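Working through the structure, step by step
Below, each chain spelled out in residue letters.
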Amino acid sequence: MKQIFNSNGGNYEKDKNKGNGLGLNEFLGDDKKRRIYRFNEHKTPDFRQLVTEGEVSVQSVKKAAKAYDTTLTVFLVPVLIAAIHSTMEPRDRKKAVSVAVPVNLRNYFESSTTRNFFGMIHVIYDFGKHGEAFESIIAKVSAIFKRELTKENLEKKIKTAPERRQKRGNERGRVGGV
């Protein structure tokens, strides 16, 4: 075992056989294992992340979202999922695509702080189960948003998060469950 530090300042033991950190299925608490697609990015000589930027009219994106009878955010997540799918190698196309979406918790809970107050939901789209049609992606993402974005569900996640972190930390041999 080798002592290493994570980016949040916490430390944990790294076991060569178990990998490094939590898998998405463990993070989500899913009993069913899913094969999730992972990017294999080209690395720059100075190890910077390659980013493509673009500009688009907000009005045109709103118009497109309205054409699919959905919100701007619910529209943009399927756009990202479809874009990721279009770059996948054919052998990877049976893997699910997962997108972490930040949620402004002020929309669900009262808060007087000016600090960040957000949570995350994970949207997983399995092309093998649900197909490649953009309409199918939107329908599945919309259903996930409706299921995940309720005050009760978010409250449950907030209350159980420290317990889940502690449990996973102990299972992974992390110091103090960090």
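Before any of the text, the structure's been laid out above.
An account of the accompanying structure is given in this report. Quantities reported herein were computed from a predicted structural model and do not represent experimental measurements.

1. Considerations on the overall build of the chain
- The secondary structure content of the chain amounts to 6 helices and 4 strands.
- In the chain, the succession of α and β elements from N to C terminus is β-β-α-α-α-β-β-α-α-α.
- Looking at the 178 residues of the chain, the share that counts as buried comes to 29%.
- Expressed as a percentage of contacts within the chain between residues at least 6 apart in sequence, the contacts between residues at least 24 apart total 53%.
- Carbon and sulfur atoms provide 51% of the accessible area of the chain, an area that totals close to 13,100 Å².

2. Digging into the pattern of salt bridges
- According to the stated counting rule, one finds 2 salt bridges in the structure shown.
- Put simply, Asp 92 and Lys 95 hold a salt bridge, and the shortest N to O gap is 3.2 Å.
- For Asp 92, a relative accessible area of 9% puts it in the buried group.
- For Lys 95, a relative accessible area of 19% gives the class buried.
- Residue Arg 147 is joined to Glu 148 by a salt bridge in which the shortest nitrogen-to-oxygen separation is 3.2 Å.

3. Observations concerning the environment of Ile 81
- Structurally, Ile 81 is set in helix α3 (residues 72-87).
- Overall, the relative accessible area of 0% leaves Ile 81 in the buried class.
- Linking Ile 81 and Ser 98, residues 17 residues apart in sequence, is a C-alpha distance of 7.8 Å.
- Among residues more than four places away in sequence, those in contact with Ile 81 are Val 97, Val 99, Val 123, Tyr 125, Phe 127, Ile 137 and Val 141.

4. As for α3
- With 16 residues, α3 ought to run about 22 Å at 1.5 Å a step, and its terminal C-alpha atoms sit 23 Å apart, in line with that.
- All of the buried residues in α3 are Val 74, Phe 75, Val 77, Pro 78, Ile 81, Ile 84 and His 85.
- Each element contacted by the buried residues of α3 is listed here: α2 (58-67), β3 (97-104), β4 (118-125), α4 (127-130) and α5 (134-148).

5. Structural notes on the packing of aromatic side chains
- The tally for this structure, following the rule as stated, stands at 4 aromatic pairs.
- Taking the centre distance of 4.8 Å and the plane angle of 75° together, the rings of Tyr 125 and Phe 127 count as edge-to-face.
- Assessed through its relative accessible area of 0%, Tyr 125 is described here as buried.
- Each residue in the set Tyr 68, Phe 75 and Phe 134 is aromatic and connected to the rest through ring pairs, giving one cluster.

6. What to know about the packing of α3 against α5
- Running from amino to carboxyl end, α3 crosses α5 at an angle of 130°, the nearest separation of the two axes being 9 Å. Accordingly, the angle class assigned to the pair α3 and α5 is oblique. Seen along the crossing, α3 lies across α5 with a hand that is right-handed. For the pair formed by α3 and α5, the contact residues are Thr 73, Val 74, Phe 75, Val 77, Pro 78, Val 79, Ile 81 and Ala 82 on the first element and Phe 134, Ile 137, Ile 138, Val 141, Ser 142 and Phe 145 on the second.
- Grouping the constituent residues of the contact of α3 with α5 by class yields 12 nonpolar, 2 polar and no charged.

Calculation rules
- Residues numbered from 1 in each chain as written.
- Predicted model: local features only at pLDDT ≥ 70, side-chain atom pairs only at ≥ 80, totals over all residues.
- Heavy atoms only, no water.
- Helix = DSSP H or I, 4+ residues; strand = E, 2+ residues; numbered from the N terminus.
- Buried < 20%, exposed > 50% of the residue type's maximum accessible area, 1.4 Å probe, protein only.
- Contact = heavy atoms within 4.5 Å.
- Areas by Shrake-Rupley, 256 points an atom, 1.4 Å probe, with all protein chains shown as cover.
- Salt bridge = Lys/Arg side-chain N within 4 Å of Asp/Glu carboxyl O.
- Expected span 1.5 Å × (residues − 1).
- Phe/Tyr/Trp six-rings, centres within 6.5 Å; stacked < 30°, edge-to-face > 60°.
- Axes fitted to C-alpha atoms, helices over the stretch in contact; angles between N-to-C directions.
- Parallel < 35°, antiparallel > 145°, perpendicular 65-115°, else oblique.
- Left-handed = near helix turned anticlockwise from the far one by under 90°.
- Nonpolar A, V, L, I, M, F, W, Y, C, P; charged D, E, K, R; others polar.

Just distances and angles here, no functional claims.
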